[in-house]
Amino acid sequence: MDKQQQLLAKCSRQRYNEWIFRDVPSDITIEVSGGAFQLHKFPLVSRSGRIRKLVAEHRDADISRVELLNLPGGAETFELAAKFCYGINFEITSANVAQLCCISDYLEMTEEFSKDNLGSRVEEYLESIVCRNLEMCVEVLQQCESLLPLADELKIVGRCIDSIASKACAEQIASSFSRLEYSSSGRLHMNRHAKCDGDWWIEDLSVLRIDLYQRVMTAMKCRGVHPESIGASLVSYAQKELTKKSSLWNPSSQTKIDLLSTEHEKLVVETIVNLLPVEKLAVPINFLFGLLRSAVMLDCSVGCRLDLERRIGSQLDIATLDDLLIPSFRHAGDTLFDVDTVHRILVNFSQHDDSEDDMEDASVFECDSPHSPSQTALFKVAKLVDNYLAEIAPDANLKLSKFMVIAETLPTHARTIHDGLYRAIDIYLKAHQGLSDSDRKRLCKLIDFQKLSQDAGAHAAQNERLPLQAIVQVLYFEQIRLRNALCCSYTDDDHKPMHQSWRISSGALSAAMSPRDNYASLRRENRELKLELARLRMRLNDLEKEHVCMKRDFHKSHSRKFMSSFSKKIGKLSFFGHSSSRGSSSPSKHSHRTDSRVIERTCASTE
């Protein structure tokens, strides 16, 4: 570092020798960062209040050498300040305005000592040029990284951050207006397919240091920038900062890991997690999993990891199997994958699902949809968990307790079919043949053999790895299934009413539902039965009227003409004819018996 300062000071001396006038001997030497500038007192004293005070304090000693300690910007910036004192023109740019602002404050180059001094010139440039341009504000913030905390005290950082946030928000609003268009009906709406150009600043912000980047993102959140834009910026910044050291991701690499770099990446991960928007889907879920892998690998704080697990759990239904396969970084002799982290994510998903159900109003039971969104999410996560269990089952170090706790995390109604769970357990039994009989029984109790498909049931009936009790259950349920199939084939000619078969299927479906959906299904079924009862009562009234008419006609005439009309009327008296909401069906010899059973069951249901 000392050699670099000496080289910089030497270059500065060579530069200032080109513009300093040599016909008047220098009477003061200014030492800055190891370098020396041989200058003249009068131009310096006329502009700098600090140098004027130093010279005035040593007037009797005729001071000829002044050392400026901790000068912001170093020798290069002091050279620009000295040029200004000598009246030599130079250009103020976004690359040097922050240094000039700090050194003008350090040297006290204010209006108190000279009109149009350096401080006022720099302030004017900041206000009229830099703060009106987002890219310039970002560049000035980069320069401020080496000038803290003085740049913060002078409010250079705060002004640039506020300007960036307001510009980004204004750009986003303008972009939203540009996507407004009129539909064919004349209504104004937002075209979601149009390209959004309001987030061009995302790449520009990725060059900032993490502490300044955090302040910019916080200001943007306060200004109301869209969560999706905040998320896109976080993804871009993380990809830039966390992929520099590839050796960190390769534990077998022989490259020595820089501890300072590791601490920097740890800080980046924790900061990005704190900046994540609270809205769902603001960032892709695979990005959340990537952050979680980094947090585990870098040994980030417990709060950081728990926050990521909670966020992932709230949207686990859109995750993939590759996302869940988190390597076990910290324990080389343990399992290949981090099962404990996945278990906590599943617990978060279950708790989130339950909390949503509690918060919903009771009126949701009146909905007509057969499945609620939470039930659909349960089905997706159950399938994902079964695939995950099948993937980790071959691991020889995977303990039975960890395997079972993953399988038991979801509620029983999450799986309508147990083929995936059976496959995972079969793989585990094959890879862990040393399990005791009691352990195999415990494991197989997780399977509801009644929910196996025909193919899976046939495989389980011949699976020697299963306990004998499990095989007996499989054979029993297969026998019941075969008997039901035979019964159904024999009763096809009976043409059972449509609402009866609907009730049976609805009941079978509700067995795999959550309690909330089961209740909603029963409410719908009850309403349907009430409607059916009302239709039956109307048909009974019609039958009574027809009966009165028939008796009247019977007394009037006994001819064959009457018999033909009587037969036509009898044909109209079908209980499930055109008046039924379930469609028409041909009458059968059991129709009267079936109708009476329907009436009895309907009355019992309404009671």
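Since we're looking at a predicted model, the values are computed, not measured.

Structural notes on the state of the cysteines
Each disulfide consists of a covalent bond between the sulfur atoms of two cysteine residues.
Step number 1: Counted by the stated rule, this structure contains 0 disulfides.
Step number 2: In this structure C102 is a free cysteine whose sulfur lies 5.8 Å from that of C101, the closest cysteine sulfur available.
Step number 3: No disulfide involves C160; its sulfur sits 4.6 Å from the nearest other cysteine sulfur, which is in C137.

Points about unusual backbone geometry
Step number 1: Residue P149 is reached from L148 by a cis peptide bond, and omega for that bond is 5°.
Step number 2: Note on placement: P149 falls in the loop between α7 (134–144) and α8 (150–153).
Step number 3: Backbone geometry places E108, a non-glycine residue, at a positive phi of 60°.
Step number 4: Along the chain, E108 turns up in the loop between α5 (97–106) and α6 (118–128).

Structural notes on the sheet that holds strand β2 (residues 35–39)
Step number 1: Pairing is mixed across the open sheet formed by 3 strands, whose spatial order is β2-β1-β3. Strand pairing shows two members of the sheet lacking a second neighbour, β2 and β3 (65–68), which therefore form its edges. Put simply, the sheet's adjacent strands are angled 25° from each other on average, direction ignored.
Step number 2: Pairing geometry for strand β1 (residues 28–32) and β2, over 5 bridges, is antiparallel. If you follow V32 over to β2, its bridge partner there is G35.

Here's the deal with helix α4 (residues 74–85)
Step number 1: Here α4 spans 17 Å end to end across 12 residues, near enough to the 16 Å set by a 1.5 Å rise per residue.
Step number 2: In terms of residue burial, α4 counts as a mostly covered element, since 11 of its 12 residues are buried.
Step number 3: What α4 keeps buried is the set G74, A75, T77, F78, E79, L80, A81, A82, K83, F84 and C85.
Step number 4: Trailing α4 by a residue or two, G87 shows a phi angle of about 80°, which is positive.

Notes on the pattern of salt bridges
Step number 1: Taken as a whole and assessed by the stated rule, the structure comprises 16 salt bridges.
Step number 2: One salt bridge in this structure joins K402 and D340, with 3.6 Å as the shortest N-O distance. Of this pair, K402 sits in helix α19 (residues 400–407) while D340 sits in helix α17 (residues 339–359), and the two are 62 residues apart along the sequence.
Step number 3: Note that R415 is salt-bridged to D386, the shortest N-O span being 3.0 Å.

Topic: the packing of aromatic side chains
Step number 1: Evaluated as defined, the whole model comprises 4 aromatic pairs.
Step number 2: Positioned above the aromatic ring of Y106, the side-chain terminus of R50 is 4.1 Å from the ring centre.
Step number 3: The cationic tip of K240 hangs over the ring face of Y237; the distance from NZ or CZ to the ring centre is 5.9 Å.

Procedures and definitions
- Residues numbered from 1 in each chain as written.
- Predicted model: local features only at pLDDT ≥ 70, side-chain atom pairs only at ≥ 80, totals over all residues.
- Heavy atoms only, no water.
- Disulfide = S-S within 2.5 Å.
- Helix = DSSP H or I, 4+ residues; strand = E, 2+ residues; numbered from the N terminus.
- Pairing = 2+ DSSP bridges.
- Axes fitted to C-alpha atoms, helices over the stretch in contact; angles between N-to-C directions.
- Expected span 1.5 Å × (residues − 1).
- Buried < 20%, exposed > 50% of the residue type's maximum accessible area, 1.4 Å probe, protein only.
- Salt bridge = Lys/Arg side-chain N within 4 Å of Asp/Glu carboxyl O.
- Phe/Tyr/Trp six-rings, centres within 6.5 Å; stacked < 30°, edge-to-face > 60°.
- Lys NZ or Arg CZ within 6 Å of the ring centre and 35° of its normal.

None of the figures reported here should be taken as evidence of function without further support.
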